[in-house]
Amino acid sequence: MKRFGSIFPFLESGRQSRQIGRLVANYEFVKALLQYSRFDEFVFSNSSLSNLATFADLTRTWGVPEDRLARVRFVGYAGLPAVLRAQSFHVFHLGGWGWFMPGLHYLRARYASNPWPITAVTHSLDGRDLVDHAVRLSVAGHAPYDAIFCTSRDGREALRRLLDGGAAIAGRAYRGHLEHLPLGIDDDLLDAVGDRAGCRARLGIPADAAVLLVLGRIAPFSKMDLAPLLRAFAREIVPQSPRPVVLLLAGGASPDHL
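As the structure is a prediction and not an experimental result, all values here were calculated from the model.

Student: Any chance you could explain the overall build of the chain here in plain terms?
Tutor: In terms of regular secondary structure, the chain is built from nine helices and nine strands. Here the C-alpha coordinates of the chain stretch approximately 65 × 50 × 30 Å along the principal axes. Across the chain, the fraction of contacts at a sequence separation of at least 24, relative to all contacts at a separation of at least 6, is 77%.

Written out as C-alpha cells, the structure is:
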C-alpha cells in the first residue's frame with residue numbers, strides 16, 4: 001500500500017489568514033494531494049486535536065470523492081508512535097523544513113517500521129530562527145533519500161549556503177538533497193481559452209499596452225515596500241517605453257499599505 005504521512009499542520013491559521021504565500025501554497029498542495037495523487041491512504045497528524053478536527057471538516061468541502069476521503073486518517077501525536085510501528089509509509093512530507101524536519105528524523109529513527117523518505121518544502125528564507133533551524137537540521141543529519149524542495153533556483157542556492165553555515169557550527173552536514181521544484185497553478189484559475197483580450201478588458205488595460213505584473217504581499221513594514229518599485233517605474237521604464245505601459249500589482253494588501 002502506498003501511504004502518505006505528515007505531522008505538519010497544513011491548515012495553519014484558518015481561512016482568514018490565507019494571504020501569506022506559505023499558507024496559500026500548503027493549503028492548495030494538500031487539496032490537490034487528496035484530489036489527484038495516487039496514494040492509497042493519507043495519515044495527517046499534528047499536536048492540536050482541534051486543528052485536526054477543523055482540517056477534517058474542511059476536506060469535506062473540496063469535492064473530493066467519498067471513497068478517497070474514507071482513506072484519510074487524522075491521528076494525534078500521542079497515537080502516532082503506534083501507527084508508525086504498525087504500518088509502512090511511502091513518504092512523510094512537510095509544508096516547511098525548519099520546525100518539524102529535524103524532529104521527524106528522530107521519530108523515524110525511533111518508531112518507523114520502514115525507513116521512509118522525509119521531504120519538505122521552502123518558499124522563502126527569512127527570520128532570525130533560520131540559523132538555528134539549519135544547525136538542528138545538520139545535527140539530525142538525515143539520509144541521502146531525504147529532500148527539501150526549493151521553489152526557485154536562487155532559493156535553493158540560498159538554502160545551500162545557509163546549510164553550509166549550519167554544518168560549520170554543528171560539525172556535521174545535512175545529508176539529504178536540495179531539489180528545484182517550481183510552483184504550479186490550478187488550470188481552473190485561468191481563462192478556459194486563454195482570452196487575453198477579455199482579461200485586459202476586465203482589468204481596464206489598453207490592448208496595445210505592455211504589462212508588468214508584480215506579485216507579492218504588500219506590507220512595507222514586513223515584506224514589499226512599493227516606493228522603490230514605483231520610483232524605478234516612473235523614472236526609468238515609463239519614459240523609455242515606446243508604447244503605453246501598465247504596472248499591475250497583485251497580492252495581499254490593505255488601503256493603509258498603499
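Student: Explain the packing of helix H6 (residues 130-140) against helix H7 (residues 153-170) to me, please; I cannot follow it from the model alone.
Tutor: Packed helix pairs are characterised by how far apart their axes lie and by the angle those axes make with each other. Running from N to C, H6 and H7 cross one another at 65°; their axes reach a closest spacing of 8 Å. Handedness of the crossing formed by H6 with H7: right-handed. Residue-level inspection shows Leu 130, Val 131, Ala 134, Val 135, Leu 137, Ser 138 and Val 139 of H6 in contact with H7, the latter providing Leu 162, Leu 163, Gly 166, Ala 167, Ile 169 and Ala 170. Split by residue class, the contact of H6 with H7 holds eleven nonpolar, two polar and no charged.

Student: I'm lost on H7 in this one. Help?
Tutor: Every α-helical turn comprises 3.6 residues, leaving residues that sit three or four positions apart pointing alike. The first and last C-alpha atoms of H7 sit 25 Å apart over 18 residues, in line with the 26 Å expected at 1.5 Å per residue. In the core, the buried residues of H7 are packed alongside strand S5 (118-122), H6, strand S6 (147-150) and strand S7 (177-180). Measuring from the backbone nitrogen of Gly 155 back to the side-chain oxygen at the start of H7 gives 2.9 Å, which picks out Ser 152 as the cap.

Student: Explain the side chain of Thr 151 to me, please; I cannot follow it from the model alone.
Tutor: Its location among the elements puts Thr 151 in the loop between S6 and H7. Sequence-distant contacts of Thr 151, that is, excluding residues within four places in its chain, are made with Val 121, Thr 122, His 123, His 180, Leu 181, Pro 182 and Leu 183.

Student: How should I be thinking about the pattern of salt bridges in this particular structure?
Tutor: When the charged atoms of two side chains with opposite charge come close together, those side chains can pair. Taken as a whole, this structure holds eight salt bridges when the rule is applied. For the salt bridge of Glu 157 with Arg 160, the shortest nitrogen-to-oxygen distance reads 2.5 Å. Note that Glu 157 and Arg 160 are positioned in helix H7 at a spacing of three residues, about one turn of the helix. Glu 157 sits in the partly exposed class, given a relative accessible area of 29%. Among the ionic pairs, Asp 164 bridges to Arg 160, the shortest N-O distance being 2.8 Å. Taken together, the positions of Asp 164 and Arg 160, both in helix H7 and four residues apart, correspond to about one turn of that helix.

Student: Please clarify how the side chain of Thr 122 should be interpreted in this entry.
Tutor: For Thr 122, the location among the structural elements is in strand S5. One polar contact links Thr 122 to Trp 97, side chain to side chain, over a distance of 3.3 Å. Beyond its immediate chain neighbours, meaning those up to four positions away, Thr 122 contacts Trp 97, Ile 148, Phe 149, Cys 150, Thr 151 and Leu 159.

Student: Would you take a moment to explain helix H2 (residues 49-59) for this structure?
Tutor: The set of residues buried in H2 consists of Asn 51, Leu 52, Phe 55, Ala 56, Leu 58 and Thr 59. Here the buried residues of H2 occupy an arc of 160° about the axis, which is enough to place them on one side. Opposite the packed face of H2, turned more than 90 degrees from it, sit the exposed residues Leu 49 and Ser 50. Elements that come into contact with the buried residues of H2 comprise helix H1 (21-36), strand S2 (41-46), helix H3 (66-69) and strand S3 (72-76).

Student: Please explain the nonpolar core as it appears in this structure.
Tutor: Generally speaking, soluble globular proteins have nonpolar side chains that are buried together. In terms of nonpolar packing, the biggest core is built from 44 residues, with Phe 44, Trp 97 and Met 101 touching the most fellow members. Ignoring anything within four residues of it in the chain, the contact list for Phe 44 reads Phe 4, Ser 6, Phe 10, Val 30, Leu 33, Leu 34, Leu 52, Phe 55, Val 72, Arg 73, Phe 74 and Val 75. Membership of the second largest hydrophobic core comes to seven residues, among which are Ile 218, Met 224, Leu 226 and Phe 233.

About the cut-offs
- Think of each chain on its own: its residues are numbered from 1, step by step along the sequence as written.
- pLDDT decides what is reported in this predicted model: residues at 70 or higher carry local features, side-chain atom pairs at 80 or more are listed and counted, and totals for whole chains, interfaces and linings draw on all residues regardless.
- Side-chain figures throughout are based on the complete set of non-hydrogen atoms in the structure, without hydrogens or water.
- The secondary structure listing takes helices from DSSP runs of H or I that are at least 4 residues long and strands from runs of E that are at least 2 residues long, numbered from the N terminus.
- Throughout, a contact is declared for two residues whenever any of their heavy atoms are within 4.5 Å.
- Axis definition: a line fitted to C-alpha atoms, limited for helices to the stretch in contact. Angles are taken between N-to-C directions and run from 0 to 180 degrees.
- Here a crossing is taken to be left-handed if its near helix is turned anticlockwise relative to the far helix by less than a right angle, and right-handed if that turn runs clockwise.
- Gly falls in the polar group here, along with every residue not listed as nonpolar (Ala, Val, Leu, Ile, Met, Phe, Trp, Tyr, Cys, Pro) or charged (Asp, Glu, Lys, Arg).
- Between the first and last residue of a helix there are one fewer steps than residues, each counted as 1.5 Å, and that sum is the expected span.
- Pairs of N or O atoms within 3.5 Å make up the polar contacts considered here, provided that, within protein, one atom can donate a hydrogen while the other can accept it, and that residues adjacent in sequence are counted only when both atoms are side-chain atoms.
- Counted as salt bridges are all cases of a side-chain nitrogen of Lys or Arg within 4 Å of a carboxyl oxygen of Asp or Glu.
- Buried, partly exposed and exposed residues are distinguished by accessible area as a fraction of the type maximum, computed with a 1.4 Å probe on protein chains only: under 20%, between the cut-offs, and over 50%, respectively.
- Working definition: the arc comes from the directions between the helix axis and the C-beta atoms, pointing outward to the latter.
- Residues belong to one nonpolar core when they are buried, are Ala, Val, Leu, Ile, Met, Phe, Trp, Tyr or Cys, and are joined through side-chain atoms within 4.5 Å.

Coordinates in, geometry out; function isn't part of it.
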